[in-house]
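Coordinate analysis (summary)
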Amino acid sequence: MTDSPPIRVLVVEDDPVAADAHVMYVGRVPGFVAVGKAHTGAEARRVLDRTPVDLLLLDLHLPDVHGLQLARSLRAAGHHADVIAVTSARDLAMVREGVSLGVVQYVLKPFTFATLRDRLVRYAEFHAAAGEASGQDEVDRALAVLRAPTPAALPKGLSGPTLERVTLALRGRPDGLTATGVAEAVGISRITARRYLEHLVDAGRAARSPQYGTVGRPELQYRWVTGG
């Protein structure tokens, strides 16, 4: 990828904080460059009319149009950029519809930098494929790179279901929670809660700060990070 022009990405996301985070994420992946951001479908069309774009990082729930409707109108207008859809929806019928509109990957919110990086690296490998396949095996391998991302492994001792419960507890409290508060909400020990919270911090999905005014040693306060 180092000898090829960077893959140009347009971030289309209505939440300004999330849009800035996604632009930052794209810029951290070698071989990719964010060429702009748009908060509405109309703004995305204007950017595409004046700026070459290879890939859209597209939020499906925009204030003026659904992301798939935008993708359909862009195809009709002659724009051929691929699409990585960003959504909290889990409707498989929508996933099937997106395939016909150039949606090459779906990323479910909330996601970490590591998740997006994996999708972008795989897309880059698929994007770089050229020439004629030697046979069915080579075609299958090219599609497998794009369609079968490897789930990120959790640190030893952490489980997916418990991480989901900790995540939901933290997201439900915009003012934040301590490890003790999470432990009580989820039904796990404070030490275990702290491990899960620190994992979320390391993944960029949570932030921590000291909680003052507590008798004895103050506890750290954890809060969910928008767009993480």
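Our subject in this report is the structure included herewith. (Residues numbered from 1 in each chain as written. Predicted model: local features only at pLDDT ≥ 70, side-chain atom pairs only at ≥ 80, totals over all residues. Heavy atoms only, no water.)

1. Some points on the overall build of the protein chain
How we decide: A helix here means a DSSP run of H or I that spans at least four residues, while a strand means a run of E at least two residues long, and both kinds are numbered starting from the N terminus. Exposure categories follow from relative accessible area, calculated using a 1.4 Å probe and restricted to protein chains: below 20% of the type maximum is buried, above 50% is exposed, and the middle band is partly exposed. Only heavy atoms matter for contacts: two residues are in contact if any of them lie within 4.5 Å across the pair.
If you tally the helices and strands in the protein chain, you get nine helices and eight strands. Counting only residues that meet the buried cut, the protein chain has 40% of its 228 residues in that class. For the protein chain, the share of sequence-separated contacts (at least 6 apart) that also reach a separation of at least 24 residues comes to 62%.

2. A look at the environment of P155
Relative to the helices and strands, P155 resides in the loop between α6 (136-147) and α7 (160-171). Sequence separation between P155 and R195 is 40 residues, and the spatial gap between their C-alpha atoms is 9.6 Å.

3. A short note on α7
What counts is decided by this rule: Multiply 1.5 Å by the residue count of a helix minus one, and that product is the helix's expected span. Of all possible arcs, the one meant is that of the directions from the helix axis to the C-beta atoms.
Spanning twelve residues, α7 covers 16 Å between terminal C-alpha atoms, matching the ideal 16 Å at 1.5 Å per step. For α7, the complete set of buried residues consists of T162, L163, V166, T167, A169 and L170. Projected down its long axis, α7 carries its buried residues within an arc of 165°, all on one side. Away from its buried face by more than 90 degrees, α7 exposes P161 and L168.

4. A closer look at the sheet that holds strand β8 (residues 220-224)
Put simply, the rule reads: Here, any two strands with at least 2 DSSP bridges between them count as paired. To get an axis, a line is fitted to the C-alpha atoms, and for a helix only the part in contact is used. The angle between two axes follows their N-to-C directions and goes from 0 to 180 degrees.
Sheet architecture is open: three strands sit in the order β6-β8-β7, paired in antiparallel fashion. Where the open sheet ends on each side, the last strands, each with one partner, are β6 (177-178) and β7 (206-210). Note that β7 and β8 share five bridges and pair antiparallel. Bridge pairing links A206 to W224 in β8. Here α7 sits on the sheet in contact with β6, β7 and β8, set at roughly 90° to β8.

5. Brief notes about the packing of aromatic side chains
Just so we agree on the cut-off: Each Phe, Tyr or Trp ring, with Trp reduced to its six-membered ring, pairs with another whose centre is within 6.5 Å; inter-plane angles below 30 degrees give stacked pairs, above 60 give edge-to-face pairs, and intermediate values give tilted ones.
Enumeration over the complete set of coordinates arrives at one aromatic pair. Ring centres of Y25 and F113 lie 5.5 Å apart, and the angle between their planes is 55°; this geometry places the pair in the tilted category. Here Y25, found in helix α1 (residues 16-27), pairs with F113, found in helix α5 (residues 113-128); they are 88 residues apart in sequence, far enough to count as distant. Look at Y25 and you get buried, because its relative accessible area is 5%.

6. Things to note about the pattern of salt bridges
The condition that has to hold: Salt bridges are identified by distance alone: a Lys or Arg side-chain nitrogen within 4 Å of an Asp or Glu carboxyl oxygen.
Applying the stated criterion across every chain yields a total of seven salt bridges. One salt bridge in this structure joins D175 and R173, with 3.1 Å as the shortest N-O distance. Of the residues examined, R173 reaches a relative accessible area of 37% and is grouped as partly exposed. Several salt bridges converge on common partners, so that one network encompasses D118, R119 and R122.

7. Description of empty space enclosed by the protein
Basically, it comes down to this: Grid points spaced at 1 Å and placed over the protein atoms alone form the basis of the search, with a cavity being a set where a 1.4 Å probe fits but cannot get out and a pocket an open set showing protein on both sides within 12 Å along at least five of seven lines. Lining residues have an atom within 4 Å of a point. Grid points are joined across faces, edges and corners, and a volume is the space filled by probe spheres set on the points. Residue classes follow a fixed rule: Ala, Val, Leu, Ile, Met, Phe, Trp, Tyr, Cys and Pro count as nonpolar, while Asp, Glu, Lys and Arg count as charged, and any other residue, Gly among them, counts as polar.
Tallied over the entire structure, the rule returns one cavity of 30 Å³ or more. Each pocket or cavity is described by its volume, and for the largest cavity that value is around 40 Å³. Taken together, L48, L56, A71, L74, R75, H79, A81, V83 and L101 make up the full set of residues lining the largest cavity. In terms of residues, the lining of the largest cavity owes the most to one element, helix α3 (residues 67-76), which gives three residues. Broken down by class, the residue content of the lining of the largest cavity amounts to seven nonpolar, one polar and one charged.

8. Notes on the sheet that holds strand β3 (residues 55-59)
Strand pairing in a sheet is mediated by backbone hydrogen bonds. Such pairs are either parallel or antiparallel. Spatially, five strands are ordered β2-β1-β3-β4-β5 in an open sheet, and the strand pairing comes out parallel. The strands lining the two open edges of the sheet, one partner per strand, are β2 (32-38) and β5 (103-108). Going from strand to strand, the sheet's axes swing by 20° on average, the running direction of each strand aside. Against the sheet, α1 makes contact with β1 (7-12), β2, β3 and β4 (82-87), and its axis sits at roughly 165° relative to β2, the strand it touches most.

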